[in-house]
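Inside the fold
Residues per chain, in single letters:
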Amino acid sequence: MHGSRISALGHYQPARVLTNEDLAEMVDTSDEWIRSRVGIHSRRIAGPDEPVDELAGHAAAKALASAGLTPADVDMVVVATSTAIDRSPNTAARVAARLGIPGPAALDLNVVCAGFTHALATADHAVRAGSSSRALVIGADKMSEVADWTDRTTCVLVGDGAGAAVVEACAPGEAAGIGPVLWGSVPEMGDAVRIEGTPPRFAQEGQSVYRWATTRLPAIARQACERSGLEPADLAAVVLHQANLRIIEPLAAKIGAVNAVVARDVVESGNTSAASIPLALSKLVERGEITTGDPVLLFGFGGNLSYAGQVVRCP
């Protein structure tokens, strides 16, 4: 058994930018109200002809290109999403078809905002067990399609996008680049974040989620660091689920990663659910804010209420 590593990343966002000023013309809100409560100033919105698998496919293609790989080099596709409308074919199969990946294992995971870190752990386990040699792990969501655009407490949060990682086996003797996952949930509080109904709509109990995230999760995130043999002060970056800047900043501070870059992509992208962590991580790498080999804590949390975190090495 060998460990796995992330060898490349990619991300994609739709072209349309929806600003706070635009939202103020749609619902009773203002730029000041939104910034003061969630820290967001803009988000990207996909068009009606841009399904989730298209967003995911663009991000995956960029990750493959960055790794210098072809679709034939991939034997597993894992997509984390909670906004795919169709149940079959699943999003992973449609991404594989878009990219021309021949005969991969293709599965979707719905763990909402913690989806990408769950999917990354699943691919890591498959590589470690020898079931896969190289996987595409994608977080993609089209939150605009499940938003209630009359509810100013939730519609100001959401954005659309996708991020992807190529995960492959480490060479013999090479240290693992993806640390052990720490994951779990609080199912009795699962209704605090919901995408339900016909048509499905996103809703949440904002104060309950805020209290849970800022009081319960810091200790869990520190345990994820411990599983990788690191102290929070050793981290070069912290990439939390980009839920709300007013959650990200206190949670990051309580983790104790005093030397780390803290991803704040939510400011310009909004809450993109399962896409938020790979999207933010890919941007940090693209901008050169973190470099090859840097230890980075990824920590997803949200719907169910679920959480999953692991320390990875920057590709």
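Residues numbered from 1 in each chain as written. Predicted model: local features only at pLDDT ≥ 70, side-chain atom pairs only at ≥ 80, totals over all residues. Heavy atoms only, no water.

1. So, the sheet that holds strand β7 (residues 160–169)
Note the threshold: Note: two strands are recorded as paired if DSSP finds a minimum of 2 bridges between them. Numbering of helices and strands runs from the N terminus, with a helix taken as a DSSP run of H or I at least four residues long and a strand as a DSSP run of E at least two residues long. To define axes, lines are fitted to C-alpha atoms, for helices over the stretch in contact only, and angles between the resulting N-to-C directions are given on a 0 to 180 degree scale. Here a residue-residue contact requires only that any non-hydrogen atoms of the pair lie within 4.5 Å.
Strand order in the open sheet made by the five strands is β1-β7-β6-β4-β5, with mixed pairing throughout. Sheet topology places β1 (4–12) and β5 (105–109) at the edges, where each strand pairs with a single neighbour. The sheet shows a mean angle of 15° between the axes of neighbouring strands, taken without regard to direction. The pairing of strand β4 (residues 76–80) with β5 spans five bridges and is classified as parallel. Across the sheet, residue M76 finds its bridge partner in β5, namely A105. Strands β1, β6 (134–142) and β7 of the sheet are contacted by helix α3 (residues 52–67), whose axis makes an angle of about 125° with β1.

2. Here we look at the pairing of β7
Stated formally: Think of it in three bands: with a 1.4 Å probe and only protein chains considered, a residue is buried below 20% of the maximum accessible area for its type, exposed above 50%, and partly exposed in between.
Counting buried positions over the 10 residues of β7 gives nine, a clear majority of the element. Bridge count between β6 and β7: nine bridges; the pairing is antiparallel. Counterpart to K142 in the pairing with β7 is D160.

3. Points about the pattern of salt bridges
Which entries qualify depends on this criterion: For this document, the term salt bridge refers to a Lys or Arg side-chain nitrogen within 4 Å of an Asp or Glu carboxyl oxygen.
Scanning all chains against the criterion turns up 15 salt bridges. Residues E168 and R134 are paired through a salt bridge, measuring 3.2 Å at the closest nitrogen-oxygen approach. Here the residue E168 occupies a position in strand β7, and R134 occupies one in strand β6, the gap between them amounting to 34 residues. Between E249 and R264 there is a salt bridge, and its shortest N-O distance comes to 3.3 Å. Of this pair, E249 sits in helix α8 (residues 245–255) while R264 is found in the loop between β12 (261–262) and α9 (266–269), placing the two residues 15 residues apart along the sequence. Among the residues examined, R264 registers a relative accessible area of 41% and is labelled partly exposed. Salt bridges sharing partners connect three or more residues here, namely D53, E54 and R98.

4. Things to note about the nonpolar core
It is characteristic of soluble globular proteins that their nonpolar side chains tend to be buried jointly. As a reminder, the rule being used: Only buried residues count toward a nonpolar core. Its members are Ala, Val, Leu, Ile, Met, Phe, Trp, Tyr and Cys residues joined through side-chain atoms within 4.5 Å.
In this structure, L217, L235, L240, L297, F299 and F301 are the most contacted members of the largest nonpolar core, which totals 49 residues. Listing elements by their share of this core, those giving two or more residues are α2 (31–38), α6 (206–215), α7 (217–227), β11 (237–240), α8, β13 (295–302) and β14 (306–313). Tallying contributions element by element places α8 first for this core, with six residues. In terms of nonpolar packing, the next biggest core, distinct from the first, is built from 30 residues, F116, V137, V167 and A263 among them.

That's the geometry; what it means functionally is another story.
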